[in-house]
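Summary of the model geometry
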Amino acid sequence: MSQYAALIIDDEPDIRELIAMTLERMDLQCFQAANVSEALALLKQRPYHFCITDMKLPDGNGLEIINFCNAQHPNMPIAMITAFGNVDLAVNALKAGAFDLVAKPIDIVRLRELVHAALRLTRVPANIEAVPSSEGLLGQSEVMHTLKEKIRKVARTQAPVFIHGESGTGKELVARLIHYQSVRADQPFIAVNCGAIPKDLMESEFFGHRKGSFTGANSDKAGFFKAAQGGTLFLDEVAELPLDMQAKLLRVIQEKAVRSVGSEHEESIDVRVVSASHKDLQQLVDEETFRQDLFFRLNVIQVSVPRLAERPEDIPLLSQHFIRKYALEWGMPEVSLDARAADALLHYTFPGNVRELENILQRAFTMAEGDSISLEDLSLTPQAERIQPLLADTDAERIETNNLEAYLENIERQAITQALEATRWNKTAAAEKLGISFRALRYRCKKLAID
Ligand SMILES: Nc1ncnc2c1ncn2[C@@H]1O[C@H](COP(=O)(O)OP(=O)(O)OP(=O)(O)O)[C@@H](O)[C@H]1O
(Lines give C-alpha, C1' and ligand atoms only; values in the text may rest on other atoms or scores of the structure.)
Protein backbone atom coordinates (compact mmCIF):
# COMPACT_ATOMS: atom_id res chain seq x y z
CA MET A 1 0.00 0.00 0.00
CA SER A 2 1.12 3.51 -0.76
CA GLN A 3 2.90 5.37 2.02
CA TYR A 4 1.52 8.79 1.07
CA ALA A 5 -1.93 10.18 0.28
CA ALA A 6 -2.68 13.20 -1.91
CA LEU A 7 -5.81 15.26 -2.49
CA ILE A 8 -6.32 16.75 -5.97
CA ILE A 9 -8.89 19.56 -6.27
CA ASP A 10 -9.86 20.84 -9.73
CA ASP A 11 -13.14 21.17 -11.58
CA GLU A 12 -11.63 19.97 -14.86
CA PRO A 13 -11.62 16.12 -14.91
CA ASP A 14 -8.77 16.04 -17.48
CA ILE A 15 -6.47 18.05 -15.25
CA ARG A 16 -7.33 15.96 -12.18
CA GLU A 17 -6.61 12.83 -14.18
CA LEU A 18 -3.27 14.13 -15.46
CA ILE A 19 -2.16 15.04 -11.93
CA ALA A 20 -3.45 11.76 -10.49
CA MET A 21 -1.53 9.73 -13.11
CA THR A 22 1.67 11.64 -12.33
CA LEU A 23 1.28 11.28 -8.58
CA GLU A 24 0.28 7.61 -8.72
CA ARG A 25 3.47 6.88 -10.66
CA MET A 26 5.28 8.47 -7.71
CA ASP A 27 3.48 6.00 -5.45
CA LEU A 28 0.97 8.39 -3.95
CA GLN A 29 -2.59 7.28 -3.29
CA CYS A 30 -4.81 9.92 -4.91
CA PHE A 31 -8.20 11.31 -3.85
CA GLN A 32 -10.07 13.75 -6.08
CA ALA A 33 -12.54 16.61 -5.53
CA ALA A 34 -14.21 18.83 -8.13
CA ASN A 35 -15.14 21.77 -5.91
CA VAL A 36 -14.65 23.36 -2.47
CA SER A 37 -17.46 21.49 -0.71
CA GLU A 38 -16.31 18.07 -1.96
CA ALA A 39 -12.76 18.97 -0.96
CA LEU A 40 -13.74 20.06 2.56
CA ALA A 41 -15.72 16.84 3.01
CA LEU A 42 -12.69 14.73 2.00
CA LEU A 43 -10.36 16.84 4.17
CA LYS A 44 -12.56 16.15 7.19
CA GLN A 45 -12.47 12.40 6.56
CA ARG A 46 -8.72 11.68 6.69
CA PRO A 47 -5.25 13.28 6.65
CA TYR A 48 -3.22 13.78 3.44
CA HIS A 49 0.49 14.30 2.90
CA PHE A 50 0.02 16.64 -0.02
CA CYS A 51 -2.77 18.67 -1.58
CA ILE A 52 -2.94 20.40 -4.92
CA THR A 53 -5.82 22.73 -5.71
CA ASP A 54 -6.95 24.95 -8.53
CA MET A 55 -7.33 28.61 -7.63
CA LYS A 56 -10.75 29.03 -9.26
CA LEU A 57 -13.40 26.52 -8.30
CA PRO A 58 -17.12 26.51 -9.16
CA ASP A 59 -18.28 27.16 -5.59
CA GLY A 60 -15.36 29.20 -4.24
CA ASN A 61 -11.59 29.41 -4.51
CA GLY A 62 -8.40 27.72 -3.43
CA LEU A 63 -7.77 30.29 -0.69
CA GLU A 64 -10.72 28.83 1.23
CA ILE A 65 -9.01 25.45 1.11
CA ILE A 66 -5.75 26.98 2.36
CA ASN A 67 -7.53 28.76 5.21
CA PHE A 68 -9.34 25.59 6.25
CA CYS A 69 -6.10 23.57 6.17
CA ASN A 70 -4.12 26.24 8.07
CA ALA A 71 -6.45 25.57 10.97
CA GLN A 72 -7.08 21.82 10.55
CA HIS A 73 -3.95 20.43 8.85
CA PRO A 74 -1.19 23.03 9.37
CA ASN A 75 1.58 20.61 8.36
CA MET A 76 0.17 19.56 4.98
CA PRO A 77 1.84 21.32 2.02
CA ILE A 78 -0.70 22.74 -0.44
CA ALA A 79 0.26 23.63 -4.00
CA MET A 80 -1.91 26.10 -5.88
CA ILE A 81 -2.61 25.85 -9.60
CA THR A 82 -2.71 29.34 -11.10
CA ALA A 83 -3.57 30.66 -14.52
CA PHE A 84 -0.73 32.40 -16.34
CA GLY A 85 -0.47 36.11 -15.57
CA ASN A 86 -2.61 36.08 -12.46
CA VAL A 87 0.17 37.48 -10.29
CA ASP A 88 -2.01 39.07 -7.59
CA LEU A 89 -3.88 35.86 -6.84
CA ALA A 90 -0.64 33.88 -6.87
CA VAL A 91 0.95 36.25 -4.37
CA ASN A 92 -2.15 36.07 -2.15
CA ALA A 93 -1.97 32.29 -2.21
CA LEU A 94 1.67 32.32 -1.08
CA LYS A 95 0.90 34.87 1.62
CA ALA A 96 -1.97 32.72 2.86
CA GLY A 97 0.46 29.79 3.25
CA ALA A 98 0.46 27.88 -0.05
CA PHE A 99 3.57 25.74 -0.32
CA ASP A 100 4.24 26.61 -3.97
CA LEU A 101 2.55 27.51 -7.24
CA VAL A 102 1.94 25.41 -10.37
CA ALA A 103 1.31 27.36 -13.56
CA LYS A 104 -1.18 26.24 -16.21
CA PRO A 105 -0.60 24.39 -18.50
CA ILE A 106 0.91 21.99 -15.98
CA ASP A 107 4.52 21.01 -16.62
CA ILE A 108 4.82 17.39 -15.43
CA VAL A 109 8.56 17.59 -14.71
CA ARG A 110 8.02 20.65 -12.52
CA LEU A 111 5.05 18.99 -10.81
CA ARG A 112 7.15 15.95 -9.95
CA GLU A 113 9.91 18.14 -8.48
CA LEU A 114 7.36 20.03 -6.44
CA VAL A 115 5.80 16.85 -5.04
CA HIS A 116 9.24 15.49 -4.11
CA ALA A 117 9.99 18.75 -2.29
CA ALA A 118 6.60 18.69 -0.51
CA LEU A 119 7.10 15.13 0.69
CA ARG A 120 10.58 15.97 1.95
CA LEU A 121 8.89 18.46 4.30
CA THR A 122 7.83 15.58 6.47
CA ARG A 123 11.52 14.94 7.21
CA VAL A 124 12.25 18.54 8.20
CA PRO A 125 12.09 19.25 11.94
CA ALA A 126 8.90 21.19 12.57
CA ASN A 127 10.30 22.72 15.71
CA ILE A 128 12.77 25.57 15.47
CA GLU A 129 14.48 24.49 18.71
CA ALA A 130 15.59 21.33 16.87
CA VAL A 131 18.04 23.34 14.76
CA PRO A 132 21.62 23.14 16.15
CA SER A 133 21.94 25.60 19.02
CA SER A 134 24.80 27.52 17.40
CA GLU A 135 22.28 28.48 14.73
CA GLY A 136 19.53 29.15 17.24
CA LEU A 137 17.66 32.36 17.60
CA LEU A 138 17.71 33.15 21.31
CA GLY A 139 14.82 34.87 23.02
CA GLN A 140 11.85 33.95 25.18
CA SER A 141 9.97 37.24 24.79
CA GLU A 142 6.57 37.29 23.16
CA VAL A 143 7.87 39.12 20.08
CA MET A 144 10.50 36.41 19.63
CA HIS A 145 7.93 33.63 19.99
CA THR A 146 5.86 35.32 17.29
CA LEU A 147 8.97 35.61 15.10
CA LYS A 148 9.90 31.94 15.56
CA GLU A 149 6.37 30.90 14.70
CA LYS A 150 6.48 33.02 11.55
CA ILE A 151 9.84 31.52 10.55
CA ARG A 152 8.40 28.03 10.98
CA LYS A 153 5.46 28.89 8.75
CA VAL A 154 7.50 30.70 6.12
CA ALA A 155 10.07 27.90 5.96
CA ARG A 156 7.38 25.54 4.74
CA THR A 157 6.73 27.54 1.59
CA GLN A 158 8.98 28.29 -1.35
CA ALA A 159 7.94 31.94 -1.54
CA PRO A 160 10.47 34.79 -1.57
CA VAL A 161 10.87 36.43 1.83
CA PHE A 162 11.96 39.96 2.70
CA ILE A 163 13.37 40.39 6.20
CA HIS A 164 13.17 43.85 7.67
CA GLY A 165 14.88 45.02 10.83
CA GLU A 166 17.51 47.35 12.21
CA SER A 167 21.17 46.56 11.89
CA GLY A 168 22.38 43.80 14.23
CA THR A 169 18.91 42.48 15.10
CA GLY A 170 19.65 39.04 13.66
CA LYS A 171 18.30 39.24 10.10
CA GLU A 172 20.94 36.90 8.72
CA LEU A 173 20.26 34.45 11.52
CA VAL A 174 16.57 34.52 10.60
CA ALA A 175 17.41 33.88 6.94
CA ARG A 176 19.56 30.89 7.92
CA LEU A 177 16.77 29.47 10.05
CA ILE A 178 14.28 29.81 7.21
CA HIS A 179 16.70 27.86 5.03
CA TYR A 180 17.51 25.15 7.60
CA GLN A 181 13.85 24.60 8.40
CA SER A 182 12.94 24.26 4.73
CA VAL A 183 13.05 21.42 2.23
CA ARG A 184 16.24 23.02 0.91
CA ALA A 185 18.09 22.42 4.21
CA ASP A 186 20.57 19.94 2.69
CA GLN A 187 21.36 22.27 -0.23
CA PRO A 188 23.60 25.38 -0.06
CA PHE A 189 22.79 28.60 1.81
CA ILE A 190 24.70 31.45 0.18
CA ALA A 191 24.78 34.83 1.94
CA VAL A 192 25.73 37.92 -0.06
CA ASN A 193 26.18 41.46 1.27
CA CYS A 194 24.94 43.49 -1.68
CA GLY A 195 26.52 46.67 -0.31
CA ALA A 196 29.99 45.18 -0.26
CA ILE A 197 30.39 44.15 -3.91
CA PRO A 198 32.20 46.58 -6.22
CA LYS A 199 29.76 47.84 -8.86
CA ASP A 200 31.76 46.73 -11.87
CA LEU A 201 32.07 43.16 -10.57
CA MET A 202 28.43 42.73 -9.63
CA GLU A 203 27.21 41.00 -12.74
CA SER A 204 29.98 38.44 -12.71
CA GLU A 205 29.71 37.88 -8.95
CA PHE A 206 25.97 37.21 -9.20
CA PHE A 207 25.71 35.37 -12.50
CA GLY A 208 29.25 34.05 -13.00
CA HIS A 209 31.57 34.48 -15.97
CA ARG A 210 33.35 32.46 -18.62
CA LYS A 211 37.12 32.32 -18.71
CA GLY A 212 38.50 35.16 -20.87
CA SER A 213 35.23 37.11 -21.00
CA PHE A 214 37.01 40.19 -19.58
CA THR A 215 40.49 41.13 -18.39
CA GLY A 216 41.16 39.27 -15.19
CA ALA A 217 38.65 36.47 -15.88
CA ASN A 218 41.31 33.76 -15.70
CA SER A 219 38.94 30.88 -15.13
CA ASP A 220 35.22 30.09 -15.25
CA LYS A 221 33.32 31.34 -12.25
CA ALA A 222 29.92 30.04 -11.14
CA GLY A 223 28.47 33.15 -9.46
CA PHE A 224 26.16 33.32 -6.43
CA PHE A 225 23.02 32.04 -8.16
CA LYS A 226 24.63 28.87 -9.45
CA ALA A 227 26.47 28.36 -6.16
CA ALA A 228 23.08 28.45 -4.42
CA GLN A 229 21.50 25.97 -6.89
CA GLY A 230 18.79 23.96 -5.14
CA GLY A 231 19.19 26.05 -1.99
CA THR A 232 18.72 29.59 -0.74
CA LEU A 233 20.39 32.83 -1.81
CA PHE A 234 20.36 35.44 0.95
CA LEU A 235 20.66 39.00 -0.37
CA ASP A 236 21.61 41.11 2.62
CA GLU A 237 21.40 44.92 2.31
CA VAL A 238 19.42 44.43 -0.90
CA ALA A 239 18.57 48.17 -0.96
CA GLU A 240 22.20 48.86 -1.87
CA LEU A 241 21.87 47.27 -5.31
CA PRO A 242 22.20 49.84 -8.08
CA LEU A 243 19.20 50.23 -10.39
CA ASP A 244 20.78 48.49 -13.41
CA MET A 245 21.59 45.48 -11.25
CA GLN A 246 18.07 45.48 -9.85
CA ALA A 247 16.75 45.10 -13.41
CA LYS A 248 19.08 42.14 -14.07
CA LEU A 249 18.16 40.50 -10.81
CA LEU A 250 14.45 40.86 -11.55
CA ARG A 251 14.93 39.17 -14.91
CA VAL A 252 16.76 36.21 -13.37
CA ILE A 253 14.10 35.77 -10.70
CA GLN A 254 11.31 35.93 -13.29
CA GLU A 255 12.95 33.68 -15.86
CA LYS A 256 14.47 31.29 -13.31
CA ALA A 257 17.56 31.25 -15.55
CA VAL A 258 21.00 32.92 -15.57
CA ARG A 259 23.46 33.68 -18.32
CA SER A 260 27.09 34.02 -17.22
CA VAL A 261 29.09 36.98 -18.48
CA GLY A 262 30.63 35.87 -21.80
CA SER A 263 28.32 32.88 -22.23
CA GLU A 264 25.75 32.44 -24.97
CA HIS A 265 23.51 30.05 -23.08
CA GLU A 266 21.11 30.48 -20.25
CA GLU A 267 21.13 27.90 -17.49
CA SER A 268 18.01 27.25 -15.49
CA ILE A 269 18.27 27.75 -11.75
CA ASP A 270 16.17 26.69 -8.80
CA VAL A 271 17.03 29.10 -6.00
CA ARG A 272 14.87 30.53 -3.25
CA VAL A 273 15.64 34.21 -2.74
CA VAL A 274 15.53 35.61 0.77
CA SER A 275 16.47 39.29 1.06
CA ALA A 276 16.96 41.75 3.89
CA SER A 277 17.47 45.41 4.60
CA HIS A 278 17.34 47.82 7.51
CA LYS A 279 15.83 50.36 5.11
CA ASP A 280 12.18 50.88 4.30
CA LEU A 281 12.02 49.49 0.75
CA GLN A 282 8.56 50.95 0.12
CA GLN A 283 9.98 54.40 0.82
CA LEU A 284 12.86 53.74 -1.59
CA VAL A 285 10.30 52.69 -4.20
CA ASP A 286 8.48 56.00 -3.64
CA GLU A 287 11.78 57.84 -4.01
CA GLU A 288 12.43 55.83 -7.21
CA THR A 289 15.74 54.39 -6.03
CA PHE A 290 14.31 50.88 -5.80
CA ARG A 291 12.31 49.21 -8.57
CA GLN A 292 8.68 48.64 -7.69
CA ASP A 293 8.49 45.39 -9.70
CA LEU A 294 11.55 43.93 -7.94
CA PHE A 295 10.19 45.00 -4.56
CA PHE A 296 6.94 43.23 -5.42
CA ARG A 297 8.85 40.03 -6.28
CA LEU A 298 11.08 40.06 -3.20
CA ASN A 299 8.45 41.11 -0.69
CA VAL A 300 5.90 38.32 -1.19
CA ILE A 301 6.23 37.53 2.50
CA GLN A 302 7.66 40.04 4.93
CA VAL A 303 9.26 39.09 8.23
CA SER A 304 10.07 41.84 10.75
CA VAL A 305 12.84 41.33 13.29
CA PRO A 306 12.31 43.34 16.50
CA ARG A 307 14.87 45.75 17.95
CA LEU A 308 16.60 44.61 21.13
CA ALA A 309 14.95 47.56 22.91
CA GLU A 310 11.57 45.94 22.20
CA ARG A 311 12.54 42.82 24.11
CA PRO A 312 14.68 43.84 27.12
CA GLU A 313 13.58 40.68 28.95
CA ASP A 314 15.82 38.71 26.55
CA ILE A 315 18.97 40.67 27.49
CA PRO A 316 19.99 38.41 30.45
CA LEU A 317 19.63 35.25 28.33
CA LEU A 318 21.59 36.74 25.43
CA SER A 319 24.28 38.09 27.78
CA GLN A 320 24.76 34.68 29.36
CA HIS A 321 24.95 33.10 25.90
CA PHE A 322 27.67 35.50 24.66
CA ILE A 323 29.73 35.23 27.85
CA ARG A 324 29.61 31.44 27.58
CA LYS A 325 30.50 31.63 23.90
CA TYR A 326 33.66 33.68 24.50
CA ALA A 327 34.67 31.62 27.55
CA LEU A 328 34.48 28.50 25.39
CA GLU A 329 36.19 30.08 22.39
CA TRP A 330 39.10 31.41 24.44
CA GLY A 331 39.32 28.43 26.80
CA MET A 332 38.70 30.59 29.88
CA PRO A 333 36.45 30.05 32.91
CA GLU A 334 32.96 31.49 32.62
CA VAL A 335 32.28 34.77 34.44
CA SER A 336 29.04 36.41 35.45
CA LEU A 337 27.74 39.99 35.34
CA ASP A 338 27.67 41.72 38.72
CA ALA A 339 24.36 43.31 39.75
CA ARG A 340 25.22 46.86 38.57
CA ALA A 341 26.48 45.64 35.21
CA ALA A 342 23.40 43.46 34.65
CA ASP A 343 21.12 46.36 35.53
CA ALA A 344 22.98 48.80 33.26
CA LEU A 345 22.60 46.41 30.30
CA LEU A 346 18.88 46.16 30.95
CA HIS A 347 18.55 49.93 30.66
CA TYR A 348 20.93 50.54 27.77
CA THR A 349 19.35 51.30 24.38
CA PHE A 350 21.68 49.40 21.99
CA PRO A 351 21.54 51.25 18.66
CA GLY A 352 23.51 48.30 17.23
CA ASN A 353 21.07 45.76 18.76
CA VAL A 354 22.23 42.18 19.49
CA ARG A 355 25.51 42.68 17.66
CA GLU A 356 26.31 45.65 19.91
CA LEU A 357 25.45 43.64 23.03
CA GLU A 358 27.78 40.89 21.82
CA ASN A 359 30.60 43.37 21.12
CA ILE A 360 30.19 45.03 24.53
CA LEU A 361 30.36 41.66 26.28
CA GLN A 362 33.27 40.43 24.20
CA ARG A 363 35.29 43.50 25.17
CA ALA A 364 34.14 43.36 28.81
CA PHE A 365 35.15 39.72 29.01
CA THR A 366 38.74 40.61 28.14
CA MET A 367 38.72 43.49 30.65
CA ALA A 368 37.17 41.59 33.56
CA GLU A 369 39.31 40.65 36.51
CA GLY A 370 38.21 37.91 38.88
CA ASP A 371 35.02 36.01 38.26
CA SER A 372 32.62 38.81 37.41
CA ILE A 373 32.13 41.61 34.88
CA SER A 374 31.67 45.02 36.49
CA LEU A 375 29.86 48.10 35.20
CA GLU A 376 33.24 49.69 34.41
CA ASP A 377 34.29 46.65 32.35
CA LEU A 378 31.29 47.24 30.08
CA SER A 379 32.51 50.77 29.11
CA LEU A 380 29.01 51.76 28.01
CA THR A 381 28.78 55.04 26.09
CA PRO A 382 26.77 57.40 28.30
CA GLN A 383 23.26 58.03 26.99
CA ALA A 384 23.78 61.81 26.81
CA GLU A 385 26.80 61.46 24.54
CA ARG A 386 24.88 59.24 22.18
CA ILE A 387 22.05 61.64 21.66
CA GLN A 388 24.23 64.75 21.37
CA PRO A 389 24.17 65.97 17.77
CA LEU A 390 27.31 64.95 15.95
CA LEU A 391 28.50 68.45 15.21
CA ALA A 392 26.76 70.39 17.91
CA ASP A 393 28.89 73.48 18.07
CA THR A 394 30.36 74.04 14.60
CA ASP A 395 27.81 76.63 13.62
CA ALA A 396 28.52 78.59 16.80
CA GLU A 397 32.14 79.14 15.70
CA ARG A 398 33.29 81.60 13.07
CA ILE A 399 34.71 79.57 10.24
CA GLU A 400 38.01 80.84 8.95
CA THR A 401 40.04 78.76 6.58
CA ASN A 402 42.24 79.16 3.55
CA ASN A 403 41.80 75.50 2.67
CA LEU A 404 38.08 74.76 2.43
CA GLU A 405 38.57 71.24 1.14
CA ALA A 406 40.81 70.18 4.01
CA TYR A 407 38.51 71.92 6.46
CA LEU A 408 35.45 70.06 5.18
CA GLU A 409 37.33 66.79 5.07
CA ASN A 410 38.20 67.30 8.68
CA ILE A 411 34.55 67.75 9.64
CA GLU A 412 33.61 64.72 7.56
CA ARG A 413 36.30 62.65 9.25
CA GLN A 414 35.11 63.75 12.67
CA ALA A 415 31.46 62.93 11.90
CA ILE A 416 32.32 59.51 10.50
CA THR A 417 34.68 58.60 13.32
CA GLN A 418 32.11 59.61 15.93
CA ALA A 419 29.40 57.58 14.21
CA LEU A 420 31.70 54.57 13.97
CA GLU A 421 32.67 54.84 17.61
CA ALA A 422 29.06 55.22 18.69
CA THR A 423 28.17 52.06 16.79
CA ARG A 424 31.29 50.15 17.90
CA TRP A 425 32.66 50.23 14.37
CA ASN A 426 29.61 48.59 12.87
CA LYS A 427 29.73 50.17 9.42
CA THR A 428 26.14 49.33 8.54
CA ALA A 429 24.82 50.97 11.70
CA ALA A 430 27.20 53.94 11.32
CA ALA A 431 26.06 54.50 7.73
CA GLU A 432 22.46 54.48 8.88
CA LYS A 433 23.26 56.95 11.65
CA LEU A 434 24.88 59.26 9.12
CA GLY A 435 22.06 58.84 6.64
CA ILE A 436 24.31 57.52 3.87
CA SER A 437 24.56 54.13 2.20
CA PHE A 438 26.95 51.43 3.34
CA ARG A 439 28.77 51.78 0.04
CA ALA A 440 29.10 55.57 0.45
CA LEU A 441 30.53 55.11 3.94
CA ARG A 442 33.05 52.56 2.70
CA TYR A 443 34.10 54.93 -0.06
CA ARG A 444 34.46 57.88 2.33
CA CYS A 445 36.44 55.84 4.88
CA LYS A 446 38.84 54.85 2.14
CA LYS A 447 39.13 58.42 0.85
CA LEU A 448 39.75 59.82 4.33
CA ALA A 449 42.01 56.92 5.35
CA ILE A 450 39.79 55.96 8.29
CA ASP A 451 40.63 52.41 9.19
N1 LIG B 1 18.29 36.25 18.81
C2 LIG B 1 19.61 36.03 18.72
N3 LIG B 1 20.17 35.02 19.38
C4 LIG B 1 21.49 34.80 19.32
N5 LIG B 1 22.35 35.54 18.61
C6 LIG B 1 21.84 36.55 17.91
C7 LIG B 1 20.44 36.84 17.90
N8 LIG B 1 20.23 37.89 17.09
C9 LIG B 1 21.42 38.25 16.61
N10 LIG B 1 22.40 37.46 17.09
C11 LIG B 1 23.84 37.56 16.81
O12 LIG B 1 24.11 38.94 16.61
C13 LIG B 1 25.00 39.13 15.51
C14 LIG B 1 24.33 39.97 14.45
O15 LIG B 1 23.28 39.21 13.82
P16 LIG B 1 23.02 39.27 12.25
O17 LIG B 1 24.30 39.39 11.48
O18 LIG B 1 22.11 38.16 11.91
O19 LIG B 1 22.26 40.70 12.18
P20 LIG B 1 21.75 41.50 10.93
O21 LIG B 1 20.44 42.07 11.31
O22 LIG B 1 21.83 40.64 9.71
O23 LIG B 1 22.82 42.68 10.84
P24 LIG B 1 23.19 43.63 9.58
O25 LIG B 1 21.94 44.38 9.22
O26 LIG B 1 24.22 44.55 10.16
O27 LIG B 1 23.70 42.75 8.51
C28 LIG B 1 25.38 37.74 15.04
O29 LIG B 1 26.57 37.35 15.66
C30 LIG B 1 24.22 36.88 15.51
O31 LIG B 1 24.63 35.55 15.71
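With an unreviewed UniProt entry as reference, the protein chain is termed Sigma-54-dependent transcriptional regulator, source organism Bacterioplanoides pacificum.

Ordered by their spatial adjacency, 5 strands build an open sheet running S2-S1-S3-S6-S7, and the pairing between neighbours is parallel. Bordering the open sheet on either side are strand S2 (28–33) and strand S7 (100–103), each of which pairs with just one other strand. Neighbouring strand axes in the sheet, compared pairwise and without regard to direction, differ in orientation by 20° on average. Relative to S2, strand S1 (residues 4–9) is paired through 6 bridges, and the arrangement is parallel. If you follow leucine 7 over to S2, its bridge partner there is phenylalanine 31. Along the sheet face, helix H2 (residues 36–45) touches S1 and S2 and points at about 140° away from the line of S2.

Time to look at the pattern of salt bridges. Evaluated as defined, the whole model comprises 19 salt bridges. Note that glutamate 358 and lysine 325 form a salt bridge whose closest N and O atoms lie 2.6 Å from each other. Of this pair, glutamate 358 sits in helix H15 (residues 353–367) while lysine 325 sits in helix H13 (residues 315–329), and the two are 33 residues apart along the sequence. A single salt-bridge network, built from bridges that share partners, covers Glu166, Arg307 and Glu310.

About the thresholds
Residues numbered from 1 in each chain as written. Predicted model: local features only at pLDDT ≥ 70, side-chain atom pairs only at ≥ 80, totals over all residues. Heavy atoms only, no water. Pairing = 2+ DSSP bridges. Helix = DSSP H or I, 4+ residues; strand = E, 2+ residues; numbered from the N terminus. Axes fitted to C-alpha atoms, helices over the stretch in contact; angles between N-to-C directions. Contact = heavy atoms within 4.5 Å. Salt bridge = Lys/Arg side-chain N within 4 Å of Asp/Glu carboxyl O.

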